[in-house]
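Here are the chains, one letter per residue:
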Amino acid sequence: MGLSARVRSAAGILLALLVFLVPGEAMARANVQYPSSVGAGNPFVIRVTSSPPLTGVSVEWQGRSVPLDVAVWNNHYIALGLFGTQTGKVKTGSHVMKITLQSNGTRRQVSCSIRVTPVKYQEDHLTLPESMVTPPANVLARIAEERKAVGKALSTITLSREWGLPLARPVDGIVTSPYGRRRILNKKPRSPHGGMDFRAATGTPVRAALPGRVILTGDHYYAGKSVYVDSGGGAISHYFHLDSIAVKEGDRVNRGAVIAKSGMTGRSTGPHLHFGLSLSGQMVNPEPLFEGTIAGMLEKTVSRGVSITGGK
C-alpha cells in the first residue's frame, strides 16, 4: 500500500472512531427560526426544532419572559411562539430577542436581532365636544380599577399552547376601523387603535377567534361588556362593546364557539365589535392572522443552528 493510500485509510479509521466515540455530538443541535425584520404592529412566528430532547424553551421579548410549550412530532422536539410589536409602543430599529434552550441539564441562550420597520397607519383629525373626549371626574376611580383588572389579564402567561392559525373571524361584517388608526381629537393625539372594529348589528353572534380559557369578563367604562380569552403562550384575544355575554370566567371555549352577542355598550357611537389580540403584552394587528398559517409565516424567517451539547 502506498503512502497516500495509508494516510487516507488512517484518516478514515480516525473519523470512524470519532463518530463512534461522540455519536450525538455532531447532531446535538437545535434550529431556531425567527424573522430578520417585521413591520411595526405586525405579529410573527418563531419556531425551535431539535432532535435531542428539549426540556424547556423560554423567550425574552420586549421586557417579557415567555415559556414556550414543547411538543414532540415525528421524533423532533418543537416549540412555537407567536409574538409581535405594538405600534406606538415599540420604536423602530433593531431589537434583541433572547431564546433560552434547555436539554438534559444543558442551557444555551441565543440572541436574535429583529429589525422593526415603520408602517404607515391611517390618521383622522376630529373636533368633538370635550365631554366626549375627557371622562368626568366621578368615573376616574372606576377606570383606574378596570385598567388594573385588564392589565392583570393581559399579563397572563400560560405554558400550554392552544392557539393555532388561521384565526376564526369573530363576525362576518366588514372592517370599519383597522388596527393602528390614530385619531387626533381636538388637536390632541390619542393612542393608535389597538384592535379592529367589525361592522355588526346589535345581537350578532360573536365567535371565539381562538380556543382557550375565559380569564376576564366585565362591563367596563370604555370597552363596555367585554370578554378576554387566554390561548396560551401569552396570546390573549378580547371582544368589546358586547350586548350580552354567553360565557363566564374559567369557561373553556373552542375556536368558532359563540361567546357573546355584539352591541354598543361602553364608549361606542354605534353597534360594532372591537376585536383585539395581545401577544405577551403587545397589542398587534390581527388582520394577517385571519388568512395566515404557521407554515406560511415561517417561510419569511431565517434559520440559525444552536449547539445544545455539554456545559451549562
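Residues numbered from 1 in each chain as written. Predicted model: local features only at pLDDT ≥ 70, side-chain atom pairs only at ≥ 80, totals over all residues. Heavy atoms only, no water.

The chain appears in an unreviewed UniProt entry as Peptidase M23-like protein from Aminivibrio pyruvatiphilus.

A.B. asks: Just give me the short version of the sheet that holds strand 23 (residues 302-307), but keep the residues and values in it.
C.D. replies: Reading across from one edge, 6-7-3-1-23 is the order of the five strands in this open sheet, with antiparallel pairing throughout. Whereas interior strands pair on both sides, the edge strands pair on one side only; in this sheet they are strand 6 (70-73) and strand 23. On average, each strand axis in the sheet is tilted by 25 degrees relative to the strand beside it, whichever way the strands run. Both strand 1 (residues 29-34) and strand 3 (residues 43-50) contribute to a ladder of four bridges, which runs antiparallel. The residue bridging N31 from the neighbouring strand is T49, located in strand 3. (Pairing = 2+ DSSP bridges. Helix = DSSP H or I, 4+ residues; strand = E, 2+ residues; numbered from the N terminus. Axes fitted to C-alpha atoms, helices over the stretch in contact; angles between N-to-C directions.)

A.B. asks: So what's going on with the environment of E162? Residues and values would help.
C.D. replies: Of note, E162 is situated in the loop between helix 2 (140-154) and strand 11 (175-177). Along the chain, E162 and G212 lie 50 residues apart, while their C-alpha atoms are 6.2 Å from each other. Look past the residues within four positions of E162 in its chain and what remains in contact with it is P211, G212, S231 and R252. (Contact = heavy atoms within 4.5 Å.)

A.B. asks: For the sheet that holds strand 12 (residues 182-185), give the residues involved together with the corresponding values.
C.D. replies: Pairing in this open sheet of three strands is mixed, and the strands run 10-12-13 from one edge to the other. Each having just a single partner strand, strand 10 (123-126) and strand 13 (188-189) make up the two edges of the open sheet. Both strand 10 and strand 12 contribute to a ladder of four bridges, which runs parallel. Within strand 12, the residue paired with H125 across the bridge is I184.

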